[in-house]
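# A look at the structure
Okay, here's what each chain looks like letter by letter:
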Amino acid sequence: MVRENVKKAKRVIVKVGTSSLVYSTGAMNLKAIDDLAFVLSDLVHKGYEVALVSSGAMGAGLSKFGLDKRPKEIAMQQAVASVGQMELMNIYNARFSSYNQVIGQVLLTQDVFEYPESRKNVTNTFEMLFKEKIIPIINENDTVSVDELDHETKFGDNDKLAALVTNLTDADLLIMLSDIDGFYSDNPLTNKRAKLISHVPKITDEIMKQAGGSGSRFGTGGMLSKLECAKLLLNNEKGMILTSGVEPRVLFDVVAGEEIGTFFGK
Ligand SMILES: Nc1ncnc2c1ncn2[C@@H]1O[C@H](COP(=O)(O)OP(=O)(O)O)[C@@H](O)[C@H]1O
Ligand SMILES: N[C@@H](CCC(=O)OP(=O)(O)O)C(=O)O
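Conventions we followed
- Counting of residues starts from 1 at the beginning of each chain's written sequence and follows it residue by residue.
- Labels follow written order: the first chain is A, the first ligand is 1, and so on.
- For this predicted model, a pLDDT threshold of at least 70 governs which residues receive local features, and a threshold of 80 or more governs which side-chain atom pairs are given and counted, while totals over whole chains, interfaces and linings are taken from all residues.
- In this analysis a residue is considered near a molecule or strand if the C-beta atom, reconstructed from its backbone, is found within 6 Å of that molecule or strand.
- Secondary structure elements are defined from DSSP: runs of H or I of at least 4 residues count as helices, runs of E of at least 2 residues count as strands, and each element is numbered from the N terminus.
- Under this grouping Gly is polar, as are all residues other than the nonpolar Ala, Val, Leu, Ile, Met, Phe, Trp, Tyr, Cys and Pro and the charged Asp, Glu, Lys and Arg.
- To get an axis, a line is fitted to the C-alpha atoms, and for a helix only the part in contact is used. The angle between two axes follows their N-to-C directions and goes from 0 to 180 degrees.
- Working rule for angles: under 35 degrees goes down as roughly parallel, over 145 as roughly antiparallel, 65 to 115 as roughly perpendicular, anything else as oblique.
- Crossings are classed by handedness, with left-handed meaning an anticlockwise turn of the near helix from the far one by less than a right angle and right-handed meaning a clockwise turn.
- Throughout, a pair of residues is in contact if the C-beta atoms placed from their backbones lie within 7 Å.
- UniProt positions are given in the numbering used here, feature names are shortened, and annotations may be inferred rather than shown by experiment.
- Helices are assigned an expected span. That span is 1.5 Å times one less than the residue count.
- Partly exposed residues are those whose C-beta has more than 12 but fewer than 20 other C-beta atoms within 10 Å; with 20 or more the residue is buried, with 12 or fewer it is exposed, and the C-beta atoms are placed from the backbone.

### Considerations on the site of ligand 2
Around ligand 2 there are 16 residues in total, and Gly17, Thr18, Ser55, Ala57 and Met58 lie nearest to it. If you list the elements that add at least two residues to the shell around ligand 2, you get α3 (57–62) and β4 (135–140). No other element matches the 3 residues that α3 contributes to the shell around ligand 2. Taken together, the residues that form the shell around ligand 2 break down as 3 nonpolar, 10 polar and 3 charged.

### A look at the packing of helix α2 (residues 30–45) against helix α4 (residues 74–98)
Look at α2 against α4: their axes get within 9 Å of each other, and the N-to-C directions meet at 50°. In terms of orientation, α2 and α4 fall into the oblique class. Crossing hand, α2 versus α4: right-handed. Residues Ile33, Asp34, Ala37 and Ser41 of α2 form the contact with α4, whose participating residues are Ile91, Tyr92, Arg95 and Phe96.

### Things to note about the UniProt feature "binding site: ATP" (unreviewed entry) in the protein
In the numbering used here, UniProt assigns the feature "binding site: ATP" (unreviewed entry) to Lys15, Ser178, Asp179, Thr220, Gly221, Gly222, Met223, Leu224, Ser225 and Lys226. Structurally, Asp179 can be placed in the loop between β5 (173–178) and β6 (183–184).

### Details of helix α9 (residues 222–234)
Its 13 residues place the ends of α9 19 Å apart at the C-alpha level, agreeing with the 18 Å of an ideal helix rising 1.5 Å per residue. Within α9, burial applies to Met223, Ser225, Lys226, Leu227, Cys229, Ala230 and Leu233.

If you want it as structure tokens, here you go:
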């Protein structure tokens, strides 16, 4: 996809990271969630087909357990995510309802993408949700997904999940809302001279070397996983835009084709 075609996109996947949804204190960022619900609902009203890949289950669950960081034990992480996913969806449901927008929850594991039958079932679900103008809100099924099981159930992080959903649904565009407003020549957190790169047509080794780790307390992905994600999409002739989730209303300008953040595509 070329940037010029962004404004022609009809089916759009939006990914939002924990850092955009949960404050560093552990409290939920209600304004960001409300703005997101407003923009995505309005996009559906305008005729877009929209799905949201949302992290934040673990971030939302921590305070319910009186924790201030991710627990080490996997079973405890899963318990936290299980409680947090409810909290997250409760808030989404309240906010989307106020804009008369119906949402559906879709929890996925990596093996779903690998088994043709499960793949087909998930595809059918997405198609029906889009047809009914419902916004699927997607997260990893953290109860089932762990690293050490024999067959691969875990995505690694939600960036990869977002790329797989974009390919599976044959969406035109993935918009990744992060805690940074784009891809820089170096990690801007550690290098104040780093410059925003507005267009990346190919993920080369040199580009990969410019990426560092995660900038936030609760996030997992870091820039490297966002580049891996872009690679998966570029191989499929799709586009990705990376920009900040601080002000979700920026999505209106992004789909209008304005030069915002970093565009990964031809
Ligand atoms: N070259 C780079 N350009 C931009 N950000 C980078 C780069 N290298 C590392 N980073 C870090 O990656 C972070 C974004 O990843 P992450 O915190 O996992 O986001 P999210 O929680 O939104 O998924 C940025 O805040 C930044 O500190
Ligand atoms: N399923 C996890 C996703 C963790 C994750 O990938 O977080 P992020 O790096 O903020 O996108 C959760 O909801 O907490």
